[in-house]
Amino acid sequence: MDHRLFKRFSALLWLLVLQTTFAWVSNTAPRHSQQPLSVKKTRVLDDTSATTTITQPKATIQILMSDTGGGHRASANALRDAWNTLYPNQIDCEIVDIYTEYGPVWPYNDYVRMYKLMAQYPWTWDLFFRFGSTPFGLWLNAILLETICFQSFVTCLQQPDFTTTKHRADMVVSVHPLCQDIALKILAYLDRNGATRDPHYRTTPFCTVVTDLGGAHPTWFHPQVDYCFVPSDALRQLALKRNLQPSQIVQHGLPIRQGFWNNAPSSSTSKAPQRTALGLHPDLPTVLLVGGGDGMGGLVEMAVALQQELADAQLVVICGNNRAAQATLQQHSNNNMVVQGFVSNMDEYMRAADVLVTKAGPGTIAEACICGLPCLLFAYLPGQEEGNIPFVEQGGFGAYCSDPKEIATTVRSWIADPQQLAVMQENAFKAARPQATLDIARDLAEIVFRHNEKKVDGGIGKGESRGVVESSL
């Protein structure tokens, strides 16, 4: 069979499998009216960073992501907020959901809805994650993306929506596993005026900021990136297995929301003032149950089980965008259970709590560590979130359990043993990386600033985009 014909046949077969599976999920999934995404407004840390006199044009950075889960946009927003804090008026940042906004056809322009549906049926997510991790799956994904999406994605990278310029970004940053290979090829194509798609000939800086924690899909790691920022030892090892050089890997932690950057509490910090500010009883042990931004997981069952088991404690339930669970739980609400929907001050609730019960999302776990919160994980997406469970358990600050009654019993035993709880809190603090966002932002800024200086001094040739900043990191 002709090689090109085989490629097209393989792509068609994969699309047929994807369409059939997704059609089954769509037909069997319960119908819910779509709600608009909640947007968290940036909070300014202080006014000490006065406007700086700019001697040259703003550096421009384009962040590529997709809203398949809340963590990718949250990390992108965190980096943008860090640049605004560290380098006011010096960096112009555009955050773009490249698949939703520029995907030319299904399924690429429907990734967000597909993600939410597959999260309700984890076996489908497991199927695509495992298959996509195989050598054939990786090859097929790259072929499909380049065949179907290349030209439309060229438009995205060629015509960004910056406030100060319509020129291409000085640097591109990926915070999504499916934004490495195709973006690197496009940058080479644009940098060489269409002469090649080989990432080796790219001159525009490109960095990956991995937003998973204990495990990650292989597509996160591409050997042609300038730098890959990883949050943990486990992901450093995965990057090395994917043929990245040690000099390309930078380990700071996970980029997290601005409310968690500074003023991290210690084990001796009193939680009473924070509880009072939130309208909670200042002296009662407090358990925080979080279902994630999309409210995934059996929140109602767990909340009821915890409420029944924790007679001498108070329970705060954050339902996210799960309005059905919120309405149901409000009927059970009493003096020892507070029910909230989507909140923008999660840092305040975490600092008021003694224990966190949550799904194994990387961002939530990283934020919990900063607040010294023991974690009881109750759900995970097969694949990348599985590794978050050993991260918590081996770190000595939590456990995994999916049964609501066992969860309630375990939480009660933790609260009843202050000594054990204190040890878990200290272990959580040891795993915390509260400065990670600022450290990553500084490194990325140094990369783009030095790149722009190099351009002014005489241009950058083939293969020089990483060399100009090697000494800075």
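Shown above is the structure to which this text applies.
Residues numbered from 1 in each chain as written. Predicted model: local features only at pLDDT ≥ 70, side-chain atom pairs only at ≥ 80, totals over all residues. Heavy atoms only, no water.

## Details of the environment of N243
What counts here: For helices the rule is a DSSP run of H or I covering at least 4 residues; for strands it is a run of E covering at least 2, with both sets numbered from the N terminus onward. Only protein chains enter the accessibility calculation, which uses a 1.4 Å probe; a residue is then buried when its area is under 20% of its type maximum, exposed when over 50%, and partly exposed in between.
Inspection of the secondary structure puts N243 in the loop between helix 8 (233-241) and strand 6 (249-251). Its relative accessible area of 55% is what places N243 among the exposed residues. Separated by 21 residues in the primary sequence, N243 and H222 have C-alpha atoms spaced 7.8 Å apart.

## Brief notes about the sheet that holds strand 11 (residues 375-377)
Operational definition: For two strands to pair, DSSP has to find at least two bridges joining them. Orientation is described by lines fitted to C-alpha atoms, with helices fitted over the stretch in contact, and by angles between N-to-C directions that extend from 0 to 180 degrees.
Strand order across the open sheet formed by 6 strands is 9-8-7-10-11-12, with parallel pairing between neighbours. The outermost strands of the open sheet, each flanked by one partner alone, are strand 9 (337-340) and strand 12 (398-400). Averaged over all pairs of adjacent strands, the angle between strand axes in this sheet comes to 15°, irrespective of strand direction. With 3 bridges connecting them, strand 10 (residues 355-358) and strand 11 associate as parallel partners. For T358, the partnering residue across the bridge sits in strand 11 and is L377.

## Looking at the packing of helix 5 (residues 122-133) against helix 6 (residues 135-158)
We apply this condition: Here the angle decides the label: under 35 degrees means roughly parallel, over 145 means roughly antiparallel, 65 to 115 means roughly perpendicular, and every other value means oblique. Two residues qualify as a contact provided that any one of their heavy atoms is within 4.5 Å of a heavy atom in the partner residue. Amino acids outside the nonpolar list (Ala, Val, Leu, Ile, Met, Phe, Trp, Tyr, Cys, Pro) and the charged list (Asp, Glu, Lys, Arg) are all regarded as polar, and Gly is one of them.
With their axes 4 Å apart at the nearest point, helix 5 and helix 6 run at an angle of 90° to one another. Comparing their axes, helix 6 and helix 5 come out roughly perpendicular. For the pair helix 5 and helix 6, the contacting residues are F131, G132 and S133 in the first and P135, F136, G137, L138 and L140 in the second. Among the residues forming the contact of helix 5 with helix 6, the class breakdown is 5 nonpolar, 3 polar and no charged.

## What to know about the nonpolar core
Using the following cut-off: We define a nonpolar core as any set of buried Ala, Val, Leu, Ile, Met, Phe, Trp, Tyr and Cys residues linked to one another through side-chain atoms lying within 4.5 Å. How far each domain reaches was decided by an automatic or database domain assignment.
Counting residues in hydrophobic clusters, the biggest one holds 60 residues, and the most contacted among them are I63, W83, L288 and L444. With 7 residues, the top contributor of residues to this core is helix 17 (residues 436-457). Taken domain by domain, this core gets at least three of its residues from each of domain 1 (58-258 + 444-453) and domain 2 (263-431). Those residues in contact with W83 that sit more than four places away from it in its chain are I61, I63, P88, I91, C93, A441, L444 and A445.

## Considering the packing of aromatic side chains
Inclusion rule: In this scheme Phe, Tyr and Trp rings, the latter by its six-membered ring, pair at centre separations within 6.5 Å, and the angle between planes marks the pair as stacked below 30 degrees, edge-to-face above 60, and tilted otherwise. Counted as over-ring charges are cases with an Arg CZ or a Lys NZ within 6 Å of the ring centre that also lie within 35 degrees of the ring normal.
Tallying each qualifying case throughout the model produces 11 aromatic pairs. With a centroid separation of 5.3 Å and an interplanar angle of 85°, the aromatic rings of Y115 and W125 are classed as edge-to-face. One end of the pair, Y115, is in helix 4 (residues 111-120); the other, W125, is in helix 5, with 10 residues separating them in the sequence. For the residue pair Y115 and W125, the accessibility class agrees, reading buried in each case. Aromatic ring contacts, followed pair by pair, group Y99, Y108, Y111 and F153 into a single cluster. One cation-aromatic arrangement involves R197 over F150; the distance from NZ or CZ to the ring centre is 3.6 Å.

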